[in-house]
Amino acid sequence: MTLKSYLALITISTITIIVVAIALVFGYSLQNAYLDGISKRGLELARVVAHDDRVIRAIQTSNLGQPSSLQDHIESLRKQTDASYIVVVDKKAIRLSHPTQSMVGKVFIGDDIYPALIDGKELTSVAKGSLGEAIRNFTPIRDKDDIIGAVSVGYLSQTTSELIYQHLREAGLLVIFVYLLGVIIAAVLIAKLKRTFLSLEPEEIVQKFKEHELILDSIRDGIVAIDHEQNITAINAMAIEWLTMNVLSVSQVVKKPLSEQSQSLSHFALEAKGNITKNRFNLGKLEFIATLYPIKSQKGDIGYVIVFFPDHGEKSLEQELTATKNYADLLRAKTHEYANRLNVLSGMLQAEHYVDAIEYLQQESDGDQVVLRQIIKTIENSAVAGLIFAKHNKAKDLKVGFLIESDSQLGRYSPDTNEALVTLVGNLIDNALLAAWSNRLMTPPFVKLYISDRNAHIMIQIEDSGAGVDEKLENRILDFGVSSKHYTEQHGIGLYLVKKVVDQYHGSLDWERSNVNTTVFSIYLEKRALTR
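First, a word on scope: everything that follows refers to the structure included in this document. For clarity, every value in this text was computed on a predicted model and none was experimentally measured.

**Details of the side chain of Thr 291**
Right, so step 1: As for its position among the elements, Thr 291 is in strand S8 (residues 286–296).
Right, so step 2: When residues no more than four places from it in sequence are discounted, the contact partners of Thr 291 are Ile 276, Thr 277, Lys 278, Val 305, Ile 306 and Val 307.

Dropping the structure here:
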C-alpha cells in the first residue's frame, strides 16, 4: 500500500467513525428531546382542556346520567394544535369526544386512564387505542376538589415517527455535508504531504537518508552543515575525526552549537554574512582550508555547508618529518641510557660484586619507593594512583621534578568515574611536564600535583614551571587541535579532552599565572555529578 493510499484509508476511516458516532448520539438525543417535548406539550394541552368551563359542565351533565357531547368543541380545539386526538371522558371513562364520531359515548380503551380518573395523577404512556399506538398524555378534570373526569391528548406513533424522521433527515444532510467536507480537507492534506515528501514513499525516504549518510561519510573532506543559529544539522565521519578525534559520536554533535567543536569555524560563519567564503585555520599542527557555502531557506534564514580539508604543503610535511625524526632520536637516547645501566649491572654481577650490584639497584629504586609509598598513603584510588606513579617515572626520565602535595587525598569511585579522573589527571600532567621541560633553560623544571576529595567537590590542581599560555591562544586553548607547543608529538588534544570531561560532569576548569611565574590549572567537580 502506498503512503497516499494508507493515509487516505486511515483518514477516511477515522472521519467515518467520528461522523457515525456523532450522528448516532445526535439522533438519539434528538429523538429523546422530541419525545420529551411531545409529552410536555400534550400535558399542557390536556391541562388547558381540563380547565375549560364548557368541558366541566358537559362532564357534570354526563355524570348525572344525561346525554352530553363535546365533539364539535374539542375537535375545533384539536385542529388548532398538532395533537392526533383529544378525548374527554366522564367519571365512568365514557368518551364525550373523539376524532371518530362513532366512538363518542363508548368506554375509553386502555387501563392507563384510570390513574388520572381514580387517583388524580398526570401521566404519559405509550399504548394502543382505537386509532392505533400512540403517545398518550392524561390529566384529571376536577370540580373543586372532586375528580369528575379526565382528558387524554394523544400523538400517534406513526405520525410522531414521521416527524422525527423528517428532523433526522435534515440533521443527516448536515452530517453528510460535514463528512464530505472532512474528506475534501483530508484529500488536500494528503496531497500537501505528498508534495512535501516529493512523492516519495516512506521506504524510499529511509533509503534516501541512508544513501545521504553513506555519500557524506565516503567523502574524504570534512563536511559540516549548520542552521541560522549555528547549530550543527549534519556532519560526516571525516569531520568527526578531525574535530573531535572520534571522542564524540555524530548523535552527540548534531543539534549542538558549532562553537563547542571549533571556535574558528564558528567565527568564519559569523563573518561570512551569507557569502561564499574561504578561510584557513589550524587543527594541531595541520593547517586546514575551509570553504563556507550559504544555504537560504524560504524564511530567509541563512545556514551554511562548511567543507574543509588539510593543506598538505611542503612546509607542513617537513615539520612532520622533523617531529618524527626527533621522536626517533629520543627513543634511541632512552635505549642507550637503559642499555648502559644494564651493562653496568651485568658487569657487577659477572665480577661477582653482588653487594655493589644490590646497592646500585637499591639506589635506582629508592627514589621510586619513596614516591610509591607516598602515593599509596594518600591516593586510595588504584587507577589514579597507578597513573600518577607512571607520570612520576616519565618526569624522572625527562629530568623534571615531580612533587605530590602531602595532604592530597582521593578515595575509590566507580569505573566510569575512575576513567574520567584518569583522563583529567593524565592529560593535565602530560601538558604540565611538556611545558616545564620546554622552559627548562629559563628555570629549573618542576610539576606539582594536588588532588583532594575531602569536601563535596573533587579538586585537581596542577602547577608547572612552564612559560604559560600564549596570549594569542587564551581564547582558543580548549579547542581541539589548538596547542602552544611546536615540533612535538602534541596536537592540542589533551586540554580538549579535559574540557569535554569537565563539561560532561558540569564542573569548572580555570588557569592562571601565579606570582612566582608558574602556570596553575584547577578543576572542580561535584561528587554528586560523578556518582549519578
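After that view, the rundown keeps rolling.
**Digging into the packing of helix H12 (residues 382–398) against helix H13 (residues 415–438)**
Right, so step 1: Orientation of H12 relative to H13, taken along the N-to-C sense of each, is 10 degrees, at an axis distance of 10 Å. Judged by the inter-axis angle, H12 sits roughly parallel to H13. Crossing of H12 against H13: the hand is right-handed. Only Asn 418, Leu 421, Val 422, Val 425, Gly 426, Ile 429, Asp 430, Leu 433 and Trp 437 of H13 make contact with H12, whose side of the interface consists of Ala 383, Val 384, Leu 387, Ile 388, Lys 391, Lys 394, Ala 395 and Leu 398.
Right, so step 2: A per-class count over the contact of H12 with H13 returns 12 nonpolar, 2 polar and 3 charged.

**Observations concerning the sheet that holds strand S5 (residues 222–226)**
Right, so step 1: Here 5 strands make up an open sheet; going across it, the order is S6-S5-S9-S8-S7 and the pairing antiparallel. Of all strands in the sheet, those bounded by a partner on one side alone are strand S6 (232–235) and strand S7 (277–283). Direction aside, neighbouring strands of the sheet carry axes that sit 25 degrees apart on average.
Right, so step 2: Contacts from helix H7 (residues 237–244) reach S5, S6, S7, S8 and strand S9 (302–310) within the one sheet, and its direction differs from that of S5 by about 95 degrees.
Right, so step 3: Against the sheet, helix H9 (residues 263–272) engages S5, S7, S8 and S9, with an angle of about 165 degrees to S7.

**Description of the pattern of salt bridges**
Right, so step 1: Taken as a whole and assessed by the stated rule, the structure comprises 9 salt bridges.
Right, so step 2: When the shortest N-O distance is used, the salt bridge between Glu 44 and Arg 47 registers 2.8 Å. Residue Glu 44 and its partner Arg 47 are located together in helix H1 (residues 3–50), separated by 3 residues, close to a single helical turn.
Right, so step 3: Taken together, the shared-partner salt bridges connect Glu 44, Arg 47 and Glu 122 into one network.

**Topic: the nonpolar core**
Right, so step 1: Counting 39 residues, the largest nonpolar core has Ile 388, Ile 460 and Ile 523 as its most contacted members.
Right, so step 2: Among the elements that take part in this core, H13 stands out by supplying 9 residues, more than any other.
Right, so step 3: Excluding residues within four positions of it along the chain, Ile 460 makes contact with Leu 421, Leu 424, Val 425, Leu 428, Tyr 450, Ile 451, Phe 521, Ser 522 and Ile 523.
Right, so step 4: Residues Trp 242, Leu 283, Ala 290 and Leu 292 belong to the second largest nonpolar core, which totals 26 residues.

**Remarks on the sheet that holds strand S12 (residues 457–464)**
Right, so step 1: Pairing within the open sheet is mixed, and its 5 strands lie in the order S10-S11-S12-S14-S13. Only two strands of the sheet have a single neighbouring strand rather than two, namely strand S10 (401–404) and strand S13 (508–513). Geometrically, the sheet is characterised by an average inter-axis angle of 15 degrees between neighbouring strands, direction not taken into account.
Right, so step 2: As defined by bridge partners, S12 adjoins strand S14 (residues 519–526) across 8 bridges and the pair is classed as antiparallel. Within S14, the position partnered with Ile 460 by the bridge is Ile 523.
Right, so step 3: Seen against the sheet, H13 touches S10, strand S11 (446–452), S12 and S14 and runs at an angle of roughly 15 degrees to S12.

**Focus on the layout of surface pockets**
Right, so step 1: Considered as a void within the structure, the second largest pocket measures approximately 550 Å³ in volume.
Right, so step 2: Taken together, 17 residues line the second largest pocket, and the ones lying closest to its centre are Leu 248, Gln 252, Lys 500, Val 501 and Gln 504.
Right, so step 3: Where the lining of the second largest pocket is concerned, the elements lending two or more residues are H13 and helix H14 (494–504).
Right, so step 4: With 6 residues, the single largest contributor to the lining of the second largest pocket is H14.
Right, so step 5: Looking at the lining of the second largest pocket residue by residue, the classes come out as 6 nonpolar, 4 polar and 7 charged.

**What about H7?**
Right, so step 1: The element H7 is extensively covered by neighbouring structure, given that 6 of its 8 residues are classed as buried.
Right, so step 2: Of all the residues in H7, the buried ones are Met 238, Ala 239, Ile 240, Trp 242, Leu 243 and Thr 244.

**Considerations on the packing of aromatic side chains**
Right, so step 1: Applying the stated criterion across every chain, the model contains 8 aromatic pairs.
Right, so step 2: Arranged with centres 5.8 Å apart and planes meeting at 65 degrees, the rings of Phe 281 and Phe 308 form a pair that is edge-to-face. Here the residue Phe 281 occupies a position in strand S7, and Phe 308 occupies one in strand S9, the gap between them amounting to 27 residues.
Right, so step 3: Its relative accessible area of 5% is what places Phe 281 among the buried residues.
Right, so step 4: You can call Phe 308 buried: its relative accessible area is 0%.
Right, so step 5: Aromatic ring contacts, followed pair by pair, group Trp 242, Phe 268, Phe 281, Phe 288 and Phe 308 into a single cluster.
Right, so step 6: The ring of Trp 437 is capped by Arg 440, whose NZ or CZ atom sits 3.8 Å from the centre of that ring.

**Considering the pairing of S8**
Right, so step 1: Bridge count between S7 and S8: 7 bridges; the pairing is antiparallel. Within the sheet, the bridge partner assigned to Thr 277 lies in S8 and is Leu 292.
Right, so step 2: Across 9 bridges, S8 lies against S9 in antiparallel orientation. Across the sheet, the residue bridging to Ile 289 is Phe 309, located in S9.

**Some details on the environment of Gly 466**
Right, so step 1: Secondary-structure assignment places Gly 466 in the loop between S12 and H14.
Right, so step 2: Placed 52 residues apart in sequence, Gly 466 and Thr 518 show a C-alpha to C-alpha distance of 6.4 Å.
Right, so step 3: Apart from the residues within four sequence positions on either side, Gly 466 is in contact with Ala 435, Ala 436, Asn 439, Arg 513, Asn 517 and Thr 519.

**Details of empty space enclosed by the protein**
Right, so step 1: Inspection of every chain in the model, using the stated rule, returns 2 cavities of 30 Å³ or more.
Right, so step 2: Taken as a whole, the largest cavity encloses approximately 90 Å³ of empty space.
Right, so step 3: Every residue along the wall of the largest cavity is listed here: Tyr 85, Val 87, Arg 95, His 98, Phe 108, Ile 109, Gly 129, Ser 130, Leu 131, Gly 132, Ala 134 and Arg 136.
Right, so step 4: Only strand S1 (85–90) and strand S3 (132–143) provide two or more residues apiece to the lining of the largest cavity.
Right, so step 5: A total of 3 residues in the lining of the largest cavity trace back to one element, the largest contributor, which is S3.
Right, so step 6: For the lining of the largest cavity, the class distribution of residues is 6 nonpolar, 4 polar and 2 charged.

So, how was this worked out
Residues numbered from 1 in each chain as written. Predicted model: local features only at pLDDT ≥ 70, side-chain atom pairs only at ≥ 80, totals over all residues. Heavy atoms only, no water. Helix = DSSP H or I, 4+ residues; strand = E, 2+ residues; numbered from the N terminus. Contact = heavy atoms within 4.5 Å. Axes fitted to C-alpha atoms, helices over the stretch in contact; angles between N-to-C directions. Parallel < 35°, antiparallel > 145°, perpendicular 65-115°, else oblique. Left-handed = near helix turned anticlockwise from the far one by under 90°. Nonpolar A, V, L, I, M, F, W, Y, C, P; charged D, E, K, R; others polar. Pairing = 2+ DSSP bridges. Salt bridge = Lys/Arg side-chain N within 4 Å of Asp/Glu carboxyl O. Core = buried A, V, L, I, M, F, W, Y, C linked by side-chain atoms within 4.5 Å. Buried < 20%, exposed > 50% of the residue type's maximum accessible area, 1.4 Å probe, protein only. 1 Å grid on protein atoms, 1.4 Å probe; cavity = no way out; pocket = protein on both sides within 12 Å on 5 of 7 lines; lining within 4 Å. Points joined across faces, edges and corners; volume = space filled by probe spheres on them. Phe/Tyr/Trp six-rings, centres within 6.5 Å; stacked < 30°, edge-to-face > 60°. Lys NZ or Arg CZ within 6 Å of the ring centre and 35° of its normal.

In short, geometric facts, not functional conclusions.
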